[in-house]
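Chains, contacts and geometry: an overview
Okay, here's what each chain looks like letter by letter:
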Amino acid sequence: MGIISLERVDNLIWLGRYSERVYLTIKEFFHCYDDMLDDPSTYQTYCRNLQIPMIYNDPIDFVERYVSDETVPDSLLANLYRAYDNCIVLRNEIGTETMTYLELALNELKSIKDFDSFLLDLQLVIDHILAFWACLSENVEDYDVRDIIKLGQRQERLDMYLRLRKGKKDVVKAFNSLEHRLHKTILPFDFSKMDLLKKEVFSDSIHYAECIQCVEGLL
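Residues numbered from 1 in each chain as written. Predicted model: local features only at pLDDT ≥ 70, side-chain atom pairs only at ≥ 80, totals over all residues. Heavy atoms only, no water.

Structural notes on the packing of helix H1 (residues 6-38) against helix H4 (residues 76-89)
If you want to describe how two helices pack, look at the angle between their axes and the distance between the axes. Formally: Geometry is summarised by axes, namely lines fitted to C-alpha atoms with helices restricted to the contacting stretch, and by angles between N-to-C directions that run from 0 to 180 degrees. Comment: elements are numbered from the N terminus, with helices defined as DSSP H or I runs of at least four residues and strands as E runs of at least two. If an angle is under 35 degrees, it is roughly parallel; if it is over 145, roughly antiparallel; if it lies from 65 to 115, roughly perpendicular; otherwise it is oblique. Take the far helix as your reference; a near helix turned counterclockwise from it by less than a right angle gives a left-handed crossing, and one turned clockwise gives a right-handed crossing. Contacts are residue-level and defined by heavy atoms, with any inter-residue pair within 4.5 Å sufficient. Each residue is assigned to one of three groups, with Ala, Val, Leu, Ile, Met, Phe, Trp, Tyr, Cys and Pro labelled nonpolar, Asp, Glu, Lys and Arg labelled charged, and all others, Gly among them, labelled polar.
The N-to-C vectors of H1 and H4 enclose an angle of 150 degrees; their axes lie 8 Å apart at closest approach. One element, H1, and the other, H4, form an angle in the roughly antiparallel class. Regarding H1 and H4, the two cross each other, and that crossing is left-handed. Facing H1, whose interface residues are Arg-8, Asn-11, Trp-14, Leu-15, Tyr-18, Ser-19, Arg-21, Val-22, Thr-25 and Ile-26, H4 presents Leu-76, Asn-79, Leu-80, Arg-82, Ala-83, Asn-86, Cys-87 and Val-89. Taken together, the residues of the contact of H1 with H4 sort by class into 10 nonpolar, 5 polar and 3 charged.

Overview of the nonpolar core
The criterion, for reference: Note on terminology: a nonpolar core comprises buried Ala, Val, Leu, Ile, Met, Phe, Trp, Tyr and Cys residues joined through side-chain atoms within 4.5 Å. Only protein chains enter the accessibility calculation, which uses a 1.4 Å probe; a residue is then buried when its area is under 20% of its type maximum, exposed when over 50%, and partly exposed in between.
Judged by nonpolar contacts, the single largest core of 76 residues is most densely connected at Phe-62, Ile-94, Leu-122 and Leu-197. Considering each element in turn, this core owes the most residues, 13 residues, to H1. Not counting the four nearest positions on each side in its chain, Ile-94 is found in contact with Leu-15, Cys-87, Met-99, Phe-132, Leu-136, Val-140, Val-145 and Ile-149.

Observations regarding helix H2 (residues 42-49)
Rules: Picture the helix axis, draw a direction to every C-beta atom, and the arc is the one those directions span.
Along H2, the positions that sit buried rather than exposed are Thr-42, Tyr-43, Tyr-46 and Cys-47. In an axial view of H2, the angular spread of the buried residues amounts to 140 degrees, which keeps them on one side of the axis. Buried residues in H2 make contact with H1 and helix H3 (59-68). Two residues or fewer after H2 comes Gln-51, characterised by a positive phi angle close to 55 degrees.

Here we look at the packing of aromatic side chains
The line we're drawing: Centres within 6.5 Å make a pair out of two Phe, Tyr or Trp rings, where for Trp the six-membered ring is used; the pair is then stacked when the planes are under 30 degrees apart, edge-to-face when over 60, and tilted otherwise.
One pass over the structure, following the stated rule, counts 14 aromatic pairs. Between Tyr-43 and Phe-62, the aromatic rings sit 5.1 Å apart at their centres with planes inclined by 25 degrees, giving stacked as the arrangement. Here Tyr-43 is found in helix H2, whereas its partner Phe-62 is found in helix H3, with 19 residues between them in sequence. Comparing Tyr-43 with Phe-62 shows no difference in burial state: the two are buried.

Section: the pattern of salt bridges
Proximity of charged atoms lets side chains of opposite charge pair with each other. So the rule is basically this: The term salt bridge refers to a pairing of a side-chain nitrogen on Lys or Arg with a carboxyl oxygen on Asp or Glu at a separation within 4 Å.
Evaluation of the coordinates by the stated rule reveals 13 salt bridges. Between Arg-8 and Glu-93 there is a salt bridge; the shortest N-O distance is 3.3 Å. Residue Arg-8 is found in helix H1, and its partner Glu-93 is found in helix H5 (residues 91-94); the two are separated by 85 residues along the sequence. Overall, Arg-8 belongs to the partly exposed group, its relative accessible area being 26%. What emerges from the salt-bridge pattern is a single network uniting Arg-17, Arg-21, Glu-156, Asp-159, Arg-163 and Glu-216.

As structure tokens, this is what we get:
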């Protein structure tokens, strides 16, 4: 392949990160929503873990605005718009068919109006994102393009797992996946942060905040 500009590299990384962010946050939101049926204040813990500003008035306000209010920067819809914006820029690199699945996910999320049955709609969003990843692997022939997008995906996954204080097994698995992808790409990364991150992840007690800083400063 030819040389990828720094601007395109940034688009590729953030396409991976934002699409993975929406996928993972929907899955976590399902758990949060279930817990809110027993304890309505659960959403506050969810927001604290993900460092989401507490702008919501109550659980109902949280559900409706967090899911589908594009003016809220941390909402699912706002993040999916960011993923799709990068997708549009990368149309030539990833192809129209691959891009279409993210567009379907966006349209599905935008169309949610009935919050009595919206969980089924969110599952469809997840399905479209999974189809996007599958189409990316199947149809994008440029290995570097594919690897950089997947690197962003793996970086976001580890970042999210750390913010959500996932158990060691999940964090180690996410770290190993990120490390593997880092060594497959053409991109330079901060070896010192990777070494520190590795020591923390495999230690007896993970310092989550320090690990998050390492993940964010890798590239």
